[in-house]
Amino acid sequence: MGLNEYTIEQLRPLLKGGEVIPMDIIRDLGQAIEKDNQHALPLNTYVSFDIDHISKGIASFDNRETLLLGIPIAVKDIINVVGTKTTCASKILQDYVSPYDATAITYLRQNGGIPAGKLNMDEFAMGSTNENSAFGVVRNPYNREKIPGGSSGGAASAVAGGLAVAALGSDTGGSIRQPASMCAVFGIKPTYGRVSRYGLVAYASSFDQIGPVTKTVMDGALLLEAISGYDTKDSTSAEERTPRFSSNIGRAIKDVRIGVPEEYFGEGLDEEVRKNVEKGISILKDAGAIIKPIHLTYTKYAIATYYIIATAEASSNLARFEGIRYGTRFVDTEELIELYEENRSRGFGDEVKRRILLGTFTLSSGYYDAYYLKAQKARTLICEDFKGAFKEVDIIVTPVSPVPAWDIGKMVNDPLQMYLADVYTVPVNLAGLPAASVNCGKTSEGLPVGLQIIANHFREDEIFRTARIVEEVVR
Amino acid sequence: MKISKNTIRRVAALARLKLSEDEEKEIQIQLAKILDYMDILSELGLENVSPTAHTLGFTNKTRKDEIHESFAVEKVAEIAPQWKKDHIVVPRIV
């Protein structure tokens with residue numbers, strides 16, 4: 001087994017004892033990526049994996065007392081790493097080289113992590129399939145004809161396929177949890193504000209969060225410890241202490257109250273997904289948790305609420321890409337407005353354009369009250385739904401995706417259908433809660449199914465110990 | 001919801017996007033379908049509900065008005081697709 005297949009937890013003692021050095025892991029990763037590129041259907045998880053650049057990062061590394069001890073961590077290509085390209089899988093940023101590190105990367109380095117390679121994704125994190133990348137589709141290691149999920153599809157596929165030890169993704173409406181579910185890896189979206197957004201290219205600022213995509217729950221806890229913390233450069237960063245998440249793993253869940261919302265098990269939920277999720281819930285029950293049926297009555301309004309707010313924020317955030325200050329200028333024109341239009345139209349892909357147009361429409365004069373304001377009010381109701389639920393329970397468990405990974409190309413022409421598949425993940429972002437996906441089984445076709453574990457604000461510790469119980473049994 | 005071609009053109013102009021004839025047609029159909037679905041929110045009684053922009057009730061954070069180190073001008077200029085003598089090149093605007 002190459003070192004690329006190891007977990008953070010397994011590598012730490014080896015690095016500490018000096019039996020392995022960071023460069024050994026990089027070498028094995030490089031070989032695994034190279035080998036996968038020879039496959040008839042490569043996973044295509046990386047936009048770039050520059051061994052020379054990564055080696056330079058390692059050369060200056062000599063600290064055996066840090067949390068991550070020089071372990072390479074792959075990074076979704078929407079997070080800035082100094083001196084490397086940050087393309088957001090978009091043509092408009094194909095030549096953009098970051099002049100700085102995102103704060104999550106600064107903290108990662110301080111804790112001994114080495115940013116290693118930039119991962120493929122849906123363009124600007126817009127998509128649930130990884131088909132919207134300017135650098136080609138990413139494939140699912142469990143079945144290469146299927147999508148890996150998205151938008152952090154490169155992260156989930158690389159970690160599942162042994163092409164990364166662990167990865168950092170980002171989650172705006174499910175972009176960590178849904179691909180983690182489809183690729184049988186662990187992925188957690190932290191509480192909004194837990195991890196600084198400085199240096200994460202903004203899609204929808206009131207939802208975006210960086211989070212770990214890992215092989216195990218323990219790795220997720222270690223990596224989240226490494227990147228969390230207050231940051232003066234992000235005005236929405238929370239002044240919260242970072243707990244030792246890893247020390248919660250292995251703690252019992254006896255008498256923990258777990259809510260199962262009826263609204264998440266209705267029409268549209270695939271039978272095999274349901275069975276696996278129910279199996280996950282029974283594991284928690286067997287471990288002594290108290291399972292309580294609950295209601296989240298506004299769930300059916302979440303998709304509309306989310307897509308109105310997210311696209312409105314996106315239309316504003318993506319206004320900065322105009323071929324002037326950064327990015328690629330495809331054409332020069334005599335006239336300024338024409339320059340914007342020509343470059344934006346050439347630089348953005350279809351889904352990004354669609355979301356910008358939708359967001360521009362709902363914010364435009366005459367429609368603001370009917371869409372944007374209404375959605376912000378509906379958001380209040382969805383937040384209150386969760387607030388009420390967390391008075392009765394400590395944890396909420398649900399499916400992550402109503403269906404397992406589908407065939408590449410199946411939904412490309414039906415954006416609304418694709419949006420609707422985010423029904424179980426977006427409410428969490430609307431409420432700013434932390435939530436994870438842990439594998440709870442596979443369908444008869446061998447496709448992974450994730451269990452979503454949601455906790456109250458800043459209670460990621462509850463998620464880790466609960467997820468670990470499921471992981472121990474399902475493995 | 002019916003969306004006219006003019007509305008699509010107006011929105012595209014606001015978004016600084018140039019759409020081909022085919023793109024206009026496609027977007028017209030897709031936006032109508034998506035916006036029809038969004039109408040589900042009309043079922044909700046929202047008169048007395050206040051809007052939420054941020055979930056954790058953050059307030060503005062200010063810092064002292066002190067000079068901090070920032071990016072060097074050359075560094076910023078280098079990122080721009082076209083630059084000359086520490087300045088970003090744009091078409092003539094006045």
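Residues numbered from 1 in each chain as written. Chains lettered and ligands numbered in written order. Predicted model: local features only at pLDDT ≥ 70, side-chain atom pairs only at ≥ 80, totals over all residues.

So, about the packing of helix α9 (residues 302-317) of chain A against helix α12 (residues 369-392) of chain A. All names here are of chain A. One way to put it is that α9 packs onto α12 with a least axis distance of 9 Å and a crossing angle of 125 degrees. Considering their axes alone, α9 and α12 lie oblique with respect to each other. The element α9 and its partner α12 pack so that their crossing is left-handed. On the side of α9, the interface is formed by A302, T305, I308, I309 and A312, while α12 contributes Y371, Y372, A375, Q376, A378, R379 and I382. Here the residues of the contact of α9 with α12 are counted per class, giving 9 nonpolar, 2 polar and 1 charged. (Axes fitted to C-alpha atoms, helices over the stretch in contact; angles between N-to-C directions. Helix = DSSP H or I, 4+ residues; strand = E, 2+ residues; numbered from the N terminus. Parallel < 35°, antiparallel > 145°, perpendicular 65-115°, else oblique. Left-handed = near helix turned anticlockwise from the far one by under 90°. Contact = placed C-beta atoms within 7 Å. Nonpolar A, V, L, I, M, F, W, Y, C, P; charged D, E, K, R; others polar.)

What follows deals with the sheet that holds strand β5 (residues 186-189) of chain A. All names here are of chain A. Read from one edge to the other, the open sheet built from 11 strands follows the order β1-β3-β2-β4-β6-β5-β10-β11-β9-β7-β8, with strand pairing classed as mixed. Two strands bound the open sheet, and with one partner strand each, they are β1 (46-48) and β8 (290-294). Here the strands of the sheet are splayed against their neighbours by 35 degrees on average, with no regard to which way each runs. Note that β5 and strand β10 (residues 435-442) share 3 bridges and pair antiparallel. Residue pairing for β10: K189 is matched across the bridge by A435. Packed onto the sheet, helix α5 (residues 153-160) meets β1, β2 (71-76), β3 (113-119), β4 (166-171), β5 and β6 (209-214) and runs at close to 155 degrees relative to β4. (Pairing = 2+ DSSP bridges.)

What follows deals with the pairing of strand β7 (residues 257-261) of chain A. Residue and element names in this part refer to chain A. The sheet contact formed by β7 and β8 spans 5 bridges and is parallel. Its bridge partner being in β8, V260 is matched across the sheet by P293. In this fold, the crossover linking β7 to β8 by way of helix α8 (residues 271-286) has right-handed handedness. Where β7 meets strand β9 (residues 395-399), 2 bridges bridge the pair, whose relative direction is parallel. (Right-handed = clockwise from strand over helix to strand, strands pointing away.)

Glancing now at helix α11 (residues 350-363) of chain A. A rise of 1.5 Å per residue sets the reference length of α11 of chain A, with its 14 residues, at 20 Å; its end C-alpha atoms lie 20 Å apart and thus fit the reference within 8%. Where α11 of chain A is concerned, the buried positions are V352, K353, R354, R355, I356, L357, L358, G359, T360, F361 and T362 of chain A. Packed against the buried residues of α11 of chain A are α9, α12 and α13 (415-420) of chain A together with α1 (5-14) and α2 (21-38) of chain B. (Expected span 1.5 Å × (residues − 1). Buried ≥ 20, exposed ≤ 12 C-beta atoms within 10 Å, placed from the backbone.)

All names here are of chain A. The topology assignment puts E271 in helix α8. Given 8 C-beta atoms within 10 Å, E271 falls into the exposed group. Separated by 172 residues in the primary sequence, E271 and T443 place their C-alpha atoms 9.5 Å from one another.

Looking now at the confidence of the model for chain B. The predicted model of chain B has a mean per-residue pLDDT of 90, with 100% of residues at 70 or higher. ipTM for the predicted complex: 0.95, alongside a pTM of 0.97. (pLDDT = per-residue confidence, 0-100.)

All names here are of chain A. By the criterion of burial, β9 is predominantly enclosed, with 5 of the 5 residues buried. Inspection of the sheet shows β9 paired to strand β11 (residues 448-455) by 5 bridges, in the antiparallel sense. Note on β11: the bridge partner recorded for I396 is I454.

Residues and elements named next belong to chain A. Look at helix α15 (residues 460-474): 21 Å from first C-alpha to last across 15 residues, which is about the 21 Å you get at 1.5 Å a residue. The element α15 is extensively covered by neighbouring structure, given that 11 of its 15 residues are classed as buried. By the burial criterion, the buried members of α15 are E460, E462, I463, F464, R465, T466, A467, R468, I469, V470 and E471.

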